[in-house]
Amino acid sequence: MSRGDLLAFDREHLWHPYSSMTAPTRVYPVRSAAGVRLRLDVDGEQREVIDAMSSWWCAIHGYAVPELDAAVTAQLGQMSHVMFGGLTHEPAVELGRRLVALAPEGLDKVFFADSGSVSVEVAMKMAWQAQYGSGRKRFFTIRGGYHGDTFSPMSVTDPDGGMHSLYAGIVPDHVFADRPPAIGEPLEDWKGATTRLFDEHAHEIAAVIIEPVLQGAGGMHVYHPDAVRHLADVARAHGALVIFDEIATGLWRTGTLWAGEQAGVVPDILCVGKALTGGYLTLAAVLTTGDVAAAVDASPAHAMMHGPTFMANPLACAVAAANLDLLATYDAGARVRRINEALTTGLSSARALAGVTDVRTVGAVGVIELDGPADVAALTSASLELGVWIRPFRNLVYTMPPYVCTDQDLAAITTAMVGAVEETGR
Ligand SMILES: *Cc1c(COP(=O)(O)O)cnc(C)c1O
């Protein structure tokens, strides 16, 4: 297919994420990807650029990874898919075994979901069913979060960012505390207000759901682990469950295996996705305790009422297991610390640029915050000229690089981010 035909059909018929069909924005054709590089087409010219996004935070080991390719290929030789109702298979058991070993103590029951949003649906249904007898039917969360794009995750996503007003009447109404102050700012007032709000609603709250330490797509907001701990303490004091959505933060992205570790909190329910997949095939998992599993079974259904067609897809499980094996071959904590140092050093000069209000890093995440909406097209194009793929959103130019980036790759990423911001003035 010619490049022109491809782009013409795409423009006329294919929606892209959060995009308009009638006035689409520019997209770049990608032909292949290997290592941490995408081979994409800019105005008819082939370029190799570093993927500073890890394909929306999934491809932690890059592309065409020999171990991961081999895992998919080997599994293809056995079976690509079978239903999980009444059947089981080694890829599911092998991945389950690895997840239980990595999970915080006690979280040893695993539900495989086919995407992050679905895993949040499942986590919320799990909490709802587990709390069935108590009549608690609402969730408690903090503003500024992001939990996915289907209705239940949307209902606990930031009301403004998730456009709740647009979906009034169809998105259930849950309880939102203020976003915790940024790390380094005092917490006491926030803690007091959050406790009071929880107390008012305690009788109706089934669970608290949050992204611990880092709110990702809701604004790359880094907040203090004490706030995480506070939310968990308040919830538990009132018999509510604690759900951690670690789809973005899990598997070392914020510097520890689980972000919840930084708060010393083990949740009752944990969602993991994105990095779990290695960026190969869509998959997520919900982990919980034997107590929650027993409470779910005490509900009138006597079972967890969810079961997607592609539950525990063998190809996805096999490659995710191989991805976790790869992660275990090196000191991920040390590598993320090294990435953090490179991002912190490399992005620091952005502070002096016009229009920049903040520069921050946590783990393998680096953010330049602007004083107004980012000109996504201009920033992307400027960064591509400097050899790096970024995808800013709202007022944020950020990177979540693959863990396998070299120091040179990281320097190229930060140089391109700073350069693009400098060039576009926003
Ligand atoms: C990406 C994300 C989701 C949704 O995952 P999908 O696989 O896109 O459905 C949910 N929660 C958090 C914290 C995420 O970053």
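Note that the structure is predicted; figures quoted are calculated from it, not measured.

Quick notes on the rules
- Residues numbered from 1 in each chain as written.
- Predicted model: local features only at pLDDT ≥ 70, side-chain atom pairs only at ≥ 80, totals over all residues.
- Heavy atoms only, no water.
- Helix = DSSP H or I, 4+ residues; strand = E, 2+ residues; numbered from the N terminus.
- Rg over C-alpha atoms; globule rule 2.2 N^0.38 Å.
- Buried < 20%, exposed > 50% of the residue type's maximum accessible area, 1.4 Å probe, protein only.
- Contact = heavy atoms within 4.5 Å.
- Areas by Shrake-Rupley, 256 points an atom, 1.4 Å probe, with all protein chains shown as cover.
- Lys, Arg positive; Asp, Glu negative; His and termini not counted.
- Charge placed at Lys NZ, Arg CZ, Asp CG, Glu CD.
- Pairing = 2+ DSSP bridges.
- Core = buried A, V, L, I, M, F, W, Y, C linked by side-chain atoms within 4.5 Å.
- Domains from an automatic or database assignment.
- Phe/Tyr/Trp six-rings, centres within 6.5 Å; stacked < 30°, edge-to-face > 60°.
- Axes fitted to C-alpha atoms, helices over the stretch in contact; angles between N-to-C directions.
- Parallel < 35°, antiparallel > 145°, perpendicular 65-115°, else oblique.
- Left-handed = near helix turned anticlockwise from the far one by under 90°.
- Nonpolar A, V, L, I, M, F, W, Y, C, P; charged D, E, K, R; others polar.
- Patch = residues over 30% accessible without salt bridge, like charges linked within 9 Å, V, L, I, M, F, W, Y side chains within 5 Å.
- Salt bridge = Lys/Arg side-chain N within 4 Å of Asp/Glu carboxyl O.
- Buried area = accessible area lost by both parts, 1.4 Å probe.
- Polar contact = N/O pair within 3.5 Å; in protein donor to acceptor, adjacent residues only side chain to side chain.

Draft legend 1. How the structure looks around the overall build of the protein. A tally of regular secondary structure across the protein gives 13 helices and 16 strands. A compact globule built from 426 residues would reach a C-alpha radius of gyration of about 22 Å, and the protein, at 21 Å, matches this within 12%. If one aligns the C-alpha atoms of the protein with their principal axes, the spans along those axes are about 60 × 55 × 45 Å. Sorting the 426 residues of the protein into buried and exposed places 53% on the buried side. Taking all contacts inside the protein whose residues are at least 6 apart in sequence as the whole, residues at least 24 apart take part in 71%. When the accessible surface of the protein is summed, it comes to about 18000 Å², and 56% of that surface belongs to carbon and sulfur atoms. Between the mean site of the 30 positive side-chain charges and the mean site of the 48 negative ones, the protein shows a separation of 0 Å.

Draft legend 2. Quick peek at the pairing of strand β11 (residues 269-272). What you see with β11 is no split at all: I269 and C271 on one side and L270 and V272 on the other are buried throughout. Inspection of the sheet shows β11 paired to strand β12 (residues 284-288) by four bridges, in the antiparallel sense. Pairing of I269 across the sheet is with T288, part of β12.

Draft legend 3. Broad picture of the nonpolar core. Counting 127 residues, the largest nonpolar core has L95, L276 and I368 as the members making the most contacts within it. Per-element accounting of this core gives the leading share, eight residues, to helix α5 (residues 116-130). For this core, the two domains that each supply at least three residues are domain 1 (3-64 + 331-424) and domain 2 (69-327). Residue contacts for I368: discarding those within four places in its chain leaves L347, A350, V356, D358, N395, L396, V397, M417, V418 and V421. Counting eight residues, the second-largest nonpolar core is a separate cluster that includes L68, V72, L315 and V319.

Draft legend 4. Quick peek at the packing of aromatic side chains. Scanning the entire structure with this criterion turns up five aromatic pairs. A ring pair is formed by Y28 and W389, whose centres lie 6.1 Å apart and whose planes are at 75°; its orientation type is edge-to-face. Within this pair, whereas Y28 is found in the loop between α1 (3-13) and β1 (30-34), its partner W389 is found in strand β15 (residues 388-389), the two being separated by 361 residues in sequence. Considered together, Y28 and W389 belong to a single accessibility category, that of buried residues.

Draft legend 5. The arrangement of the packing of helix α3 (residues 66-78) against helix α10 (residues 314-327) in detail. Packing of α3 against α10 brings their axes to within 9 Å, and their N-to-C directions diverge by 150°. One way to sum up the angle between α3 and α10 is to call them roughly antiparallel. Of the two elements, α3 crosses α10, and the hand of that crossing is right-handed. Residues E67, L68, A71, V72, Q75 and L76 of α3 form the contact with α10, whose participating residues are P314, L315, A318, V319, A322, N323 and L326. Split by residue class, the contact of α3 with α10 holds ten nonpolar, two polar and one charged.

Draft legend 6. Spotlight on a nonpolar patch on the surface. The grouping of F151, M163, L166, Y167 and I170 at the surface amounts to a nonpolar patch, some 480 Å² of accessible area in total. With respect to the helices and strands, F151 occurs in helix α6 (residues 151-156). We classify F151 as partly exposed; its relative accessible area is 37%.

Draft legend 7. Structural view of the domain arrangement of the protein. Segmentation of the protein into domains returns domain 1 (3-64 + 331-424) and domain 2 (69-327). Facing the 27 residues of domain 1 at the interface are 27 residues of domain 2. Summing the contributions of domain 1 and of domain 2, the shared interface buries around 2200 Å²; its carbon and sulfur component is 62%. It is W57, H61 and V362 in domain 1 that bury the most area against domain 2; as a group they hold 26% of the surface buried on that side. Taken together, the connections running from domain 1 to domain 2 amount to zero salt bridges. On the surface where domain 1 and domain 2 come into contact, there are eleven residue pairs in polar contact (both at pLDDT 80 or more). Those elements that place two or more of their residues in the side of domain 1 that touches domain 2 are α2 (54-57), α11 (332-347), β13 (356-362), β14 (365-370) and β16 (396-399). Of the residues contributing to the side of domain 1 that touches domain 2, the split by class is 20 nonpolar, five polar and two charged.

Draft legend 8. Quick look at the pairing of strand β5 (residues 138-142). Most of β5 sits out of view: five of its five residues are buried. Along β5, one buried face is formed by R138, F140 and I142 and the opposite face, lined by F139 and T141, is buried too. Strand direction decides the pairing type here: β5 and strand β7 (residues 205-210), joined by three bridges, are parallel. Bridging from a neighbouring strand, F139 pairs with A207 of β7. When β5 meets strand β6 (residues 175-177), the two strands line up parallel, connected through three bridges. Across the sheet, I142 pairs through a bridge with A177, a residue of β6.

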